[in-house]
Amino acid sequence: MNLQDCLHTLEMSGRIAHIRSEVDAVHELSGIAAKLEGGKVAFFDKVRGYAYPVVTGLWWNRGNLAEIFHTTEEDLSFLFARAVSEMQSTPVAPVIVDNAPAQEVMMEEPDLSRIPVPTHALLDGGPYFSNCIIIAKDPETGVRNTSVHRLMVTGKNRLGLLMDVGRHLRDYYERAEAMGRPLEITINNGVHPAYYVAAITPSAAAPINVDELAVASSLLGEPARLCRSRSVGVEGIADAQLIMEGEILPHVREPEGPFGEVSGYYATRENRWVVSIKTVTMRKDPVIHMLHPGKEVWNSVGLGVEASLFRSVSRQVPGLKKVYMTHGGSHYHVILQIDPPKNGMAKNAILAAFAAFPPLQMVTAVNSDVNIHNPEEVERAMVTRCDPASDIIIVPNAFGHELNPVLRDNVGAKMGFDCTCPLPRSPRYEKVAYKDVSLKDYIIE
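Since we're looking at a predicted model, the values are computed, not measured.

Tallying each qualifying case throughout the model produces 27 salt bridges. Close ionic contact of Arg48 with Glu22 constitutes a salt bridge, the shortest N to O distance being 2.9 Å. Of this pair, Arg48 sits in the loop between strand 2 (41–44) and strand 3 (54–56) while Glu22 sits in the loop between strand 1 (16–19) and helix 2 (28–36), placing them 26 residues apart in sequence. For Glu22, a relative accessible area of 43% puts it in the partly exposed group. Notably, a salt bridge pairs Glu247 with Lys278, separated by 4.0 Å at the nearest N-O pair. In this pair, Glu247 is assigned in strand 14 (residues 242–256) and Lys278 in strand 17 (residues 270–282), connecting sequence segments 31 residues apart. Through salt bridges that share partners, Arg150, Glu256, Glu261, Glu270 and Arg272 make up one connected network.

Here we take up the UniProt feature "domain: 3-octaprenyl-4-hydroxybenzoate carboxy-lyase-like N-terminal" (unreviewed entry) in the protein. The UniProt record marks residues 8–75 with the feature "domain: 3-octaprenyl-4-hydroxybenzoate carboxy-lyase-like N-terminal" (unreviewed entry), using the residue numbering of this structure. Helix makes up 31% of residues 8–75 and strand makes up 16%, while its end C-alpha atoms are separated by 22 Å.

Right, let's get into the sheet that holds strand 13 (residues 236–237). Pairing within the open sheet is mixed, and its three strands lie in the order 4-12-13. What marks the edges here is a single partner per strand, and that holds for strand 4 (95–96) and strand 13. The pairing of strand 4 with strand 12 (residues 225–227) spans two bridges and is parallel. Its bridge partner being in strand 12, Ile96 is matched across the sheet by Leu226.

Another point: helix 1 (residues 3–12). Among all positions of helix 1, only Leu3, Cys6, Leu7 and Leu10 are buried. Buried residues in helix 1, looked at end-on, bunch into an arc of 95°, giving them a common side. Here the buried face of helix 1 lies against strand 1, strand 2, strand 3, helix 3 (62–68), helix 6 (193–199) and strand 18 (288–289). Of the residues that open helix 1, the one with a side-chain oxygen 3.0 Å from the backbone nitrogen of Gln4 is Asn2. Just downstream of helix 1, Gly14 is the residue with a positive phi angle, here 70°.

Ordered by their spatial adjacency, five strands build an open sheet running 19-20-21-23-22, and the pairing between neighbours is mixed. Edge positions in the sheet fall to strand 19 (320–325) and strand 22 (392–399), since each has one partner strand and no second. Here the average twist between neighbouring strands, direction ignored, is 15°.

Procedures and definitions
- Residues numbered from 1 in each chain as written.
- Predicted model: local features only at pLDDT ≥ 70, side-chain atom pairs only at ≥ 80, totals over all residues.
- Heavy atoms only, no water.
- Salt bridge = Lys/Arg side-chain N within 4 Å of Asp/Glu carboxyl O.
- Helix = DSSP H or I, 4+ residues; strand = E, 2+ residues; numbered from the N terminus.
- Buried < 20%, exposed > 50% of the residue type's maximum accessible area, 1.4 Å probe, protein only.
- UniProt positions renumbered as here; feature names shortened; annotations may be inferred.
- Pairing = 2+ DSSP bridges.
- Arc of directions from axis to C-beta.
- Contact = heavy atoms within 4.5 Å.
- Polar contact = N/O pair within 3.5 Å; in protein donor to acceptor, adjacent residues only side chain to side chain.
- Axes fitted to C-alpha atoms, helices over the stretch in contact; angles between N-to-C directions.

Put into structure tokens, the structure is as follows:
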């Protein structure tokens with residue numbers, strides 16, 4: 001299964017909007033995507049100066065993903081959680097295949113200027129690959145790691161790379177660098193979303209000695225397909241649109257950034273890690289896949305984290321019903337829907353969520369009579385059920401996410417809101433309700 005299969009499914013269900021007009025990869029493409037964000041997948045048929053189309057928006061609408069995975073929006077996060085659980089209990093290893101579609105064509109010399117890589121936000125430092133799957137191998141054990149990192153095109157065969165603190169790829173690199181060796185990687189663009197789910201599986205669920213590609217195998221219903229590389233010792237994804245084979249250079253840092261990040265702010269320009277591309281292979285007619293910063297990030301991270309948090313928190317605190325990572329809070333705020341059997345347990349659930357996903361900056365707990373997808377209902381619970389003197393939890397000097405500008409050296413305070421009704425529940429918290437009717441039964445003009 002590949003990206004073309006997914007696009008065909010979405011096309012048949014009317015979920016793709018084709019932009020037939022020629023667009024510029026610098027700012028214009030992403031400007032259009034920003035206007036279309038949240039709706040149909042955006043397929044740019046003509047990118048000025050390039051031979052290949054660009055698609056974005058697979059992840060900015062949960063309905064799109066539900067269509068691809070043949071499930072409901074409500075079950076998506078649990079589908080992903082079951083795949084993670086199967087990775088932990090009965091992992092299915094990937095297989096190596098010959099004659100990979102991703103290797104049908106090989107560039108004579110790597111030349112990233114031939115690929116339509118958008119310059120997204122107005123102050124971005126250059127063109128960025130925003131959702132490529134990077135595969136690396138532990139320099140000591142050989143275990144594969146799959147992850148997603150932003151990549152700035154800085155030359156025909158050169159990329160700037162961000163490796164966040166605490167990520168497994170950075171651990172691999174630092175050990176390889178200490179040995180004086182580059183870290184070989186493959187950078188895979190345009191894959192089935194199952195591979196992306198594997199790549200964003202939280203490290204709490206996939207320790208450093210686990211190959212996350214088993215998550216993709218579970219979601220695909222068959223072993224993930226890899227192919228041997230031409231110039232590095234790390235495999236690529238056989239059904240990708242494009243594979244860049246390269247190495248992260250030891251003891252080399254070059255300017256990277258700014259970039260419009262998941263926080264909604266620009267990441268600064270600093271000296272960061274450098275990737276040297278050795279080989280580029282692709283399909284005969286590739287579709288370049290980009291992720292538009294915003295809802296796509298919030299949905300992709302949210303769907304992985306929501307299920308992981310549900311499993312982790314519910315094992316410790318009874319009464320948890322649902323978990324939702326809000327869009328307004330980027331991936332720094334989750335809402336827990338919980339009916340705790342005893343007073344104080346909602347606060348325990350809040351603390352458990354912070355421990356399970358360190359990037360969180362805020363956790364809000366509400367009862368099951370609150371629609372956690374409706375900001376108005378959540379806000380109403382905050383102002384009518386949360387006593388600031390006793391129901392706000394502040395955790396000072398906690399480790400967080402380095403891209404959140406409120407932190408200093410990755411450390412800052414976290415805040416939890418217990419917006420659940422005290423027990424025993426007073427009749428004062430009975431919500432106003434109305435008779436359920438069907439408007440189809442009435443003549444309304």
